[in-house]
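Structural features, examined
One-letter residues, chain by chain:
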Amino acid sequence: MTTERTFSIIKPDAVAAKQTGAIIQMILDAGLTVKAMKMIRLTRPQAEGFYAVHKERPFFKDLVEYMISGPVVVSCLEGDNAIIRYRELMGATDPAKAAEGTIRKKFGKSIEANACHGSDGPDTAKVEMSYFFSSLEIVGE
Ligand code: DGI
């Protein structure tokens, strides 16, 4: 087993629906540890930069509008194989296709307003954590 860190966003729909606490509890119950956490409101350039990989996709403009529509809760999570384990806990991108017991099945409203984000690999996890957190803000660094 490898201890890893991953980056999470509780997205605007879930924060607005007062689901932040329930989602954090699901993360903790899954055995992941929170190493850093804060609530922020993304600016347009921050959201565009974060999702730059999708900038040619037809849904990019809507995705950015949605991500800046309200506060989000960003965090660094740690645990054995944290990246894949958090992806499994989130469920499929489209909540309609997400497995029972996943965050997106429980709280996702649509393929866009899907409650949470989690890094998809070790390289993106590093980039995404440093996009939002300095090492001073991460417990144990
Ligand atoms: O890593 P994921 O969040 O599961 O999925 P992703 O990296 O493929 O896409 C990033 C986000 O973009 C996703 O959480 C929601 C949005 N998205 C992805 N595919 C579609 C989409 N939004 C719309 N409206 N339509 C899509 O097909």
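Note that the structure is predicted; figures quoted are calculated from it, not measured.

We now examine the overall build of the protein. On a plain count of helices and strands, the protein comes out with seven helices and four strands. Its helices and strands in sequence order give the protein the pattern β-α-α-β-α-α-β-α-α-β-α, from N to C terminus. For the protein, the C-alpha radius of gyration of 14 Å lies close to 14 Å, the compact-globule estimate for 141 residues. Expressed as lengths along the three principal axes of its C-alpha atoms, the size of the protein is roughly 40 × 35 × 25 Å. Out of the 141 residues belonging to the protein, those deemed buried represent 47%. Here the analysis covers contacts within the protein between residues at least 6 apart in sequence; of these, 76% occur between residues at least 24 apart.

Here the focus is the UniProt feature "active site" (unreviewed entry) in the protein. Those places that UniProt annotates as "active site" (unreviewed entry) correspond, in this numbering, to His 117. Within the secondary structure, His 117 sits in strand β4 (residues 116-118). A relative accessible area of 10% means that His 117 is categorised as buried. The residues contacting His 117, other than those within four sequence positions of it, are Phe 7, Ser 8, Ile 9, Lys 11, Phe 50, Tyr 51, Tyr 86, Met 90, Arg 104 and Glu 128.

Positionally, Pro 12 belongs in helix α1 (residues 12-16). Relative accessible area serves as the criterion here: at 5%, Pro 12 is assigned to the buried category. Taking the C-alpha atoms as reference, Pro 12 lies 9.0 Å from Arg 41; in sequence the two are 29 residues apart. Apart from residues no more than four positions distant in its own chain, Pro 12 is found in contact with Tyr 66, Met 67, Ser 69, Gly 70, Pro 71 and Val 72.

Close to the ligand lie Lys 11, Tyr 51, His 54, Phe 59, Leu 63, Arg 87, Thr 93, Arg 104, Ile 111, Glu 112 and Asn 114, which account for all nearby residues. At a separation of 2.6 Å, an oxygen atom of the ligand approaches a polar side-chain atom of Thr 93. Take Arg 104: an N or O atom from its side chain is 3.0 Å from an oxygen atom of the ligand. For the ligand, the protein covers 77% of the area, taking 540 Å² as the surface of the free molecule. For the shell around the ligand, the per-class residue count stands at four nonpolar, three polar and four charged.

Strand order in the open sheet formed by four strands is β2-β3-β1-β4, and the pairing between neighbours is antiparallel. One side of each edge strand has no neighbouring strand; the edge strands of this open sheet are β2 (33-40) and β4. Sheet twist, expressed as the mean angle between neighbouring strand axes with direction ignored, is 20°. Note: β2 against strand β3 (residues 72-80), seven bridges, orientation antiparallel.

The subject of this paragraph is the nonpolar core. Counting 23 residues, the largest nonpolar core has Phe 7, Ile 9, Leu 42, Met 67, Val 74, Phe 132 and Phe 133 as the members making the most contacts within it. Per-element accounting of this core gives the leading share, five residues, to helix α4 (residues 60-67). Other than its neighbours up to four places away in sequence, Leu 42 contacts Ala 47, Met 67, Ile 68, Val 72 and Phe 132. Core analysis: the second largest hydrophobic core is formed by 18 residues, Ala 14, Ile 27, Leu 77 and Cys 116 among them.

Turning our eyes to something else, we now look at the pairing of β3. In terms of burial, β3 is largely enclosed, as eight of its nine residues are buried. With eight bridges joining them, strand β1 (residues 3-10) and β3 adopt antiparallel strand pairing. Each bridged residue has a counterpart across the sheet, and for Ser 8 the counterpart in β3 is Ser 75.

About the thresholds
- Note that residues are indexed from 1 along each chain, following the sequence as it is written.
- Given that the model is predicted, a residue must reach a pLDDT of at least 70 before its local features are reported, and side-chain atom pairs must reach 80 or more before they are shown or counted; all residues, however, enter totals for whole chains, interfaces and linings.
- As a rule here, side-chain values cover all heavy atoms of the structure and leave hydrogens and water aside.
- Starting at the N terminus, helices and strands are each numbered in turn, a helix being any DSSP run of H or I of at least four residues and a strand any DSSP run of E of at least two.
- Note on method: radius of gyration uses C-alpha positions; expected globular size equals 2.2 Å times residues raised to 0.38.
- Accessible area is worked out with a 1.4 Å probe on protein chains only. A residue is then buried under 20% of its type maximum, exposed over 50%, and partly exposed in between.
- When checking whether two residues touch, look at their non-hydrogen atoms; a contact exists if any pair is within 4.5 Å.
- UniProt positions are given in the numbering used here, feature names are shortened, and annotations may be inferred rather than shown by experiment.
- We define proximity as follows: a residue is near a molecule or strand when any one of its heavy atoms falls within 4 Å of that partner.
- Pairing of N or O atoms within 3.5 Å defines a polar contact, subject to two protein rules: one partner must be a possible hydrogen donor and the other a possible acceptor, and residues neighboring in sequence count only if both atoms are side-chain atoms.
- Shrake-Rupley sampling with a 1.4 Å probe provides the accessible areas, and residues are treated as covered by the protein chains on show and by no other component.
- Lys, Arg, Asp and Glu make up the charged group, whereas Ala, Val, Leu, Ile, Met, Phe, Trp, Tyr, Cys and Pro make up the nonpolar group; the residues left over, Gly among them, are polar.
- A pair of strands counts as paired when DSSP detects no fewer than two bridges linking them.
- Angles shown run from 0 to 180 degrees and are taken between the N-to-C directions of axes, each axis being a line fitted to C-alpha atoms and, for helices, limited to the stretch in contact.
- We call a set of buried residues a nonpolar core when its members are Ala, Val, Leu, Ile, Met, Phe, Trp, Tyr or Cys and they connect through side-chain atoms within 4.5 Å of each other.

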